[in-house]
Amino acid sequence: MKQVYLDNNSTTPLDERVLNARLPFMKEKFGNASSLHSFGREAKAGIETAREKVAALIGAEPSEIYFTSGGTESDNIALKSVAYQHQNKRHHLIASAIEHHAVLESVKFLAKNGFKADYLNCDREGLISAAELKSKLTDDTSVVSIMHANNEIGTIQNITQLSEITHEKGALFHTDAVQSAGKIEVDIKKLKIDLLSMSGHKIYGPKGVGVLYIAKGQRIVPLFHGGHHEKGRRAGTENVAGIVGFAAALELAEKMRPEEHTRLSNLADFFIGQIQSKISNVHFNGPRDNDKRIPSTVNLSFQAVEGESIILSLDMNGIGVASGSACTSGSLESSHVLMAMNIPPELAQGSIRFSLGRFTTKEDLEYTISVLPEIIERLRAMSPLYAKK
Ligand SMILES: *Cc1c(COP(=O)(O)O)cnc(C)c1O
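Residues numbered from 1 in each chain as written. Predicted model: local features only at pLDDT ≥ 70, side-chain atom pairs only at ≥ 80, totals over all residues. Heavy atoms only, no water.

Focus: the site of the ligand
Around the ligand, the surrounding shell holds 13 residues, and the nearest of these are Thr72, Asp176, Gln179, Ser199 and Lys202. Residue Ser199 places a side-chain N or O atom 2.7 Å away from an oxygen atom belonging to the ligand. Starting from 380 Å² of accessible surface for the ligand in isolation, the protein chains cover 88%. In terms of residue class, the shell around the ligand is made up of two nonpolar, eight polar and three charged. (Near = heavy atom within 4 Å. Polar contact = N/O pair within 3.5 Å; in protein donor to acceptor, adjacent residues only side chain to side chain. Areas by Shrake-Rupley, 256 points an atom, 1.4 Å probe, with all protein chains shown as cover. Nonpolar A, V, L, I, M, F, W, Y, C, P; charged D, E, K, R; others polar.)

Examining a negative patch on the surface
Taken together, the side chains of Asp123, Glu125, Asp289 and Asp291 make up a negatively charged region of the molecular surface. As for its placement among the helices and strands, Glu125 is situated in the loop between strand 4 (116–120) and helix 5 (130–136). On the accessibility criterion, Glu125 (36% relative accessible area) is partly exposed. (Patch = residues over 30% accessible without salt bridge, like charges linked within 9 Å, V, L, I, M, F, W, Y side chains within 5 Å. Salt bridge = Lys/Arg side-chain N within 4 Å of Asp/Glu carboxyl O. Lys, Arg positive; Asp, Glu negative; His and termini not counted. Charge placed at Lys NZ, Arg CZ, Asp CG, Glu CD. Helix = DSSP H or I, 4+ residues; strand = E, 2+ residues; numbered from the N terminus. Buried < 20%, exposed > 50% of the residue type's maximum accessible area, 1.4 Å probe, protein only.)

A look at helix 1 (residues 16–26)
Along helix 1, the positions that sit buried rather than exposed are Val18, Arg22 and Phe25. With its buried residues spanning 40° around the axis, helix 1 presents them on a single face. The secondary structure elements touched by the buried residues of helix 1 are helix 2 (38–58) and helix 8 (240–278). (Arc of directions from axis to C-beta. Contact = heavy atoms within 4.5 Å.)

Describing the domain arrangement of the protein chain
What the domain assignment lists for the protein chain is domain 1 (4–11 + 257–381) and domain 2 (16–252). Each of domain 1 and domain 2 has a C-alpha centre, and the two are 28 Å apart. Contact with domain 1, which involves 31 residues of that partner, is made by 30 residues of domain 2. Buried area between domain 1 and domain 2, both sides added, is near 2,500 Å², and the carbon and sulfur share of it is 52%. The largest contributions to the domain 1 side of the interface with domain 2 come from Arg257, Ile294 and Arg358, which together make up 26% of the buried area. At the junction of domain 1 with domain 2, the criterion picks out zero salt bridges. Our count for the domain 1 to domain 2 interface comes out at twelve residue pairs in polar contact (both at pLDDT 80 or more). Broken down by element, the side of domain 1 that touches domain 2 gets its largest block of residues, four residues, from helix 10 (residues 336–340). (Domains from an automatic or database assignment. Buried area = accessible area lost by both parts, 1.4 Å probe.)

Re the side chain of His174
You can see His174 is positioned in strand 6 (residues 172–176). Of note is the side chain of His174, whose polar atom sits 2.8 Å from the side chain of Ser197. Setting aside chain neighbours within four positions, we find His174 in contact with Asp75, Ala78, Leu79, Val103, Val143, Val144, Ser145, Ile146, Leu195, Leu196 and Ser197.

Considerations on the pattern of salt bridges
Applying the stated criterion across every chain yields a total of 19 salt bridges. Notably, a salt bridge pairs Arg51 with Glu230, separated by 2.9 Å at the nearest N-O pair. Remark: Glu230 occurs in the loop between strand 8 (210–214) and helix 8 and Arg51 occurs in helix 2; sequence separation between them is 179 residues. For the pair shown, Arg51 and Glu230 are each scored as buried. For Lys190, the salt bridge is made with Glu185, and the minimal N-O distance between the two is 3.1 Å. Taking the relative accessible area as the measure of exposure, Glu185 reaches 41% and is therefore partly exposed. Shared partners join several salt bridges into a network, and the residues in it are Lys44, Glu48, Arg51 and Glu230.

Observations regarding the packing of helix 3 (residues 71–85) against helix 4 (residues 101–112)
Where helix 3 contacts helix 4, the two axes come as close as 8 Å, and the packing angle between them is 30°. The angle between helix 3 and helix 4 falls in the class roughly parallel. As helix 3 runs across helix 4, the sense of the crossing is right-handed. Counted together, Thr72, Asp75, Asn76, Leu79, Lys80, Ala83 and Tyr84 of helix 3 and Ala102, Val103, Ser106, Val107, Phe109 and Leu110 of helix 4 form the full contact between these two elements. (Axes fitted to C-alpha atoms, helices over the stretch in contact; angles between N-to-C directions. Parallel < 35°, antiparallel > 145°, perpendicular 65-115°, else oblique. Left-handed = near helix turned anticlockwise from the far one by under 90°.)

Some thoughts on the pairing of strand 8
Buried residues dominate strand 8, accounting for five of its five residues. Burial of the side chains of strand 8 extends over both faces: Gly210, Leu212 and Ile214 are buried on one face and Val211 and Tyr213 on the other. Where strand 2 (residues 65–68) meets strand 8, four bridges bridge the pair, whose relative direction is antiparallel. Directly across from Tyr66, in strand 8, lies its bridge partner Leu212. Here strand 7 (residues 195–199) runs beside strand 8; their pairing, made up of five bridges, is antiparallel. Each bridged residue has a counterpart across the sheet, and for Leu196 the counterpart in strand 8 is Tyr213. (Pairing = 2+ DSSP bridges.)

Some thoughts on the sheet that holds strand 3 (residues 92–96)
The strand order across the open sheet formed by seven strands is 2-8-7-6-5-3-4, and the pairing between neighbours is mixed. Among the strands making up the open sheet, the edge pair consists of strand 2 and strand 4. Strand-to-strand twist of the sheet, defined as the mean angle between neighbouring strand axes without regard to direction, takes the value 20°. Along the sheet, helix 2 makes contact with strand 2, strand 7 and strand 8, crossing strand 2 at roughly 120°. The strands touched by helix 8 are strand 2, strand 7 and strand 8; relative to strand 7, the strand with the most contacts, the crossing angle is about 95°.

Here you go:
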């Protein structure tokens, strides 16, 4: 059976070129980067070259780049380590309601442990309002966390503006750039942020490695204690092959970005157009303008059908996608992102995220378009929600 992978926002296949960059550090260059001998120096050189590459690609300095175990850890450090650093003076945090769970759960944890938290709503397209941020910021706010691009709907935020507003109150600004890195421009100086998270496996790199950018001069309370790795801010023997792979992945993504952006925009337009012409009552979630979202993220709601059923039917045809709803203990829980956007529950439950990627071809999409109308028709025929004509 043909296999089509349209879940690139969940994870991406490792690019062969990234694998090749990693291989020497998984074989002969196995040293511990903390060792003083040549084996150790070789590993250390791999890490520092990677750090320089990553820094140059996002307009930062190498000393501002910290390697972590992934996006989740970077988000955790950005929230908790900053909150604890400033806890004697500031006790308030702000995050958008549509953040990844790595941010939301970190904020929730802090809110249970003596901090105060506020959440920012978004509009129907997933955009956070600068006015609302302004109204919720206080002199007590230590950190504001608003993601660069959303993983479910692809909406891109005006980070520069939000960060400037945050700085007026003396708070720090963190952005989760896991879904924007390698897809749109991520430039520290233009974004004017203090902390930024990235993850390797979302950019055709390895799983279990990420980056946290921390602006020069910012102090944080480490979450991991141990050796002096990463200047004492993140103890633990470095994942050398992962770090080298991360840098290779980001470098490759940046090199391919202009062409890939156009190619994926065109593919997304083709896909959305075909689906809307072949299936009735399909609602597009997020900004339809390809410049206002990551164009490879296509979130569609099929009225009166459950997302989970569509996933299973597509899976039987070899197609992998994700839904906006999560089936927990038998009851369908709508995505927190779609709920924040005020998408009616019956539409939110029928939402499917198709996320295209580097290896997605037009044939993949044509195949998906060839099986989807029948699936929706069959599911709607069984649905008590769908008005039968
Ligand atoms: C995947 C993802 C994360 C988590 O990254 P991991 O490396 O899987 O821990 C965080 N934020 C966003 C927006 C993501 O899409």
